[in-house]
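Chain and residue survey
So the chains spell out like this:
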Amino acid sequence: MLFPATLAGSLPKPPWLAETNKLWPQWQAQGEALAEAKRDATLLWLKLQEDAGLDVVGDGEQSRQHFVHGFLEAVDGIDFEHKVEMGIRADRYKAMVPQVVGPLKLKGRVHATEAKLARAHTKRKLKFTLPGPMTIVDTVADRHYGDRVKMAMAFAELLNQEARALEADGVDVVQFDEPAFNVYMKEAAGWGVQALELAAAGLACTTAVHICYGYGIQANIDWKKSLGEQWRQYEQVFPALAKSSIRQVSLECIHSHVPIDLIRLLDGKDVLVGVIDVASNAVETPEQVADTLGRALQYAARERIYACTNCGMAPMPREVAVKKLEALARGAALARQRYG
Ligand code: ZN
């Protein structure tokens, strides 16, 4: 089937699980009540994604407070008690981040509960997201390794352990999220992709990387305004990704200033074309979605194109996210009629 519909990763959390419309929300329960709320929210979103018509679904990251810290909480060697303020993504915004204080080691499984639950409750293809090594390194303070590359490789080994376990749980796609690739382009094309390949080593399931210009939060909207008419950040990292073993690349397209012809540099890869803007609550029409897919078709083979969101939808109102997912699936269906 042409143009399968999927999502970048995160979805809004219901008000009984966590604060709404926030990127770093507080949980609304503790202990077993929280664990149950996470499971319920995961099932809710599986159903809503299926109803919207998505072909590849996910857990909506309902069990993680934040896409990076959800992983870090399962790692030994990190001090969460004494967070420090750090400028992240080349100082685009400040965040309170935990500190790496010793050798890194997984405490156990990170996402076993939600992966097994999701697998048991959907027959659709199942995607699971993990933060990429470079983005993790950019979201923690280092008081142990003293070297970003060394620390990235240490995280990559832990990510690989969890990714292999997710594959064993029956996950069809493991995606690593690397928004930092659009910030540190030179390093991304070098050790960034190397660390990514280490994280994905030995996986037989589909592997993906998501690169974007961030959630629709004000700091990112302001940053985008500073990037000028043409956003060519992808141009520096795509050739390295094209040579890598990663099979799919998810990128931001609609309402961005990314020249769409840059996807030519991803020859041989599946391209997850962002056709849904997550920085605006205006719901796309199926025609807009199909138009964006049509533009991508000029530069990539049709059987390699997926319809996807630009980025995660976590900070969005739930009803807007649902309508956008419906537009995504309807637009992909329209594109199949138009270009099939
Ligand atoms: Zn993103």
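Note: the structure precedes this text.
Keep in mind that what you see is a predicted model, and the values were worked out from it rather than measured. Within each chain, residues carry numbers counting from 1 in the order of the written sequence. Given that this is a predicted model, residues contribute local features only at a pLDDT of at least 70 and side-chain atom pairs are listed and counted only at 80 or more, while totals for whole chains, interfaces and linings are drawn from all residues.

In this section: the packing of helix 9 (residues 286-297) against helix 10 (residues 318-339). To define axes, lines are fitted to C-alpha atoms, for helices over the stretch in contact only, and angles between the resulting N-to-C directions are given on a 0 to 180 degree scale. Here a helix means four or more residues in a row that DSSP labels H or I, a strand means two or more in a row labelled E, and each is numbered from the N terminus. In the contact formed by helix 9 and helix 10, the axes pass within 7 Å of each other and the chain directions differ by 55 degrees. On the basis of their axis angle, the class for helix 9 and helix 10 is oblique. For helix 9 against helix 10, the interelement crossing comes out right-handed. The residues of helix 10 that touch helix 9, namely those facing Pro286, Glu287, Gln288, Val289, Ala290, Leu293, Gly294 and Leu297, are Ala327, Leu328, Arg330, Gly331, Ala332, Leu334, Ala335, Arg338 and Tyr339. Throughout this entry, Asp, Glu, Lys and Arg are counted as charged residues, while Ala, Val, Leu, Ile, Met, Phe, Trp, Tyr, Cys and Pro are counted as nonpolar. The remaining residues, Gly among them, count as polar. Broken down by class, the residue content of the contact of helix 9 with helix 10 amounts to 11 nonpolar, three polar and three charged. Angle categories: roughly parallel below 35 degrees, roughly antiparallel above 145, roughly perpendicular from 65 to 115, and oblique for all the rest. Should the near helix be turned counterclockwise from the far one by less than a right angle, the crossing is left-handed, whereas a clockwise turn marks it as right-handed. For every residue pair, C-beta atoms are placed from the backbone, and the pair is scored as a contact if these atoms sit within 7 Å.

Once that is clear, we can look at the sheet that holds strand 6 (residues 173-177). The rule for pairing is simple: two strands pair if DSSP sees at least two bridges between them. Here we have seven strands laid out as an open sheet, ordered 1-4-6-7-8-9-10, and parallel in their pairing. The two strands at the open ends of the sheet, each matched to only one other strand, are strand 1 (56-57) and strand 10 (305-309). Taken together, the two bridges between strand 1 and strand 4 (residues 125-131) define a ladder with parallel strand orientation. Bridge assignment links Val57 to a residue of strand 4, and that residue is Leu126.

All right, on to the pairing of strand 2 (residues 75-88) then. Of the pairings in the sheet, the one linking strand 2 to strand 3 (residues 93-106) comprises nine bridges and is antiparallel in character. Considered in strand 3, the bridge of Ile78 is made with Val100. Remark: four residues form the turn of the hairpin made by strand 2 and strand 3, two consecutive strands paired antiparallel; Arg89 in that turn has positive phi of roughly 50 degrees.

Let's shift gears to the environment of Pro315. Examined against the element boundaries, Pro315 turns out to sit in the loop between strand 10 and helix 10. Judged by the 20 C-beta atoms lying within 10 Å of it, Pro315 is buried. Not counting the four nearest positions on each side in its chain, Pro315 is found in contact with Asn21, Lys22, Leu23, Tyr215, Gly216 and Ile217. Exposed residues have 12 or fewer other C-beta atoms within 10 Å of their own C-beta, buried residues have 20 or more, and residues in between are partly exposed; the C-beta atoms are placed from the backbone.

Of note, the phi angle at Asn21 is positive, near 55 degrees, even though the residue is not glycine. Note on placement: Asn21 falls in the segment before helix 1 (31-52).

Strand order in the open sheet formed by three strands is 2-3-5, and the pairing between neighbours is mixed. Looking at which strands have only one partner, the edges of the open sheet turn out to be strand 2 and strand 5 (141-142). Here two bridges tie strand 3 to strand 5, and the two strands are oriented parallel to one another. What sits directly across from Val100, in strand 5, is Asp142. Helix 5 (residues 148-168) contacts strand 2, strand 3 and strand 5 of the sheet and is inclined by roughly 75 degrees relative to strand 3.

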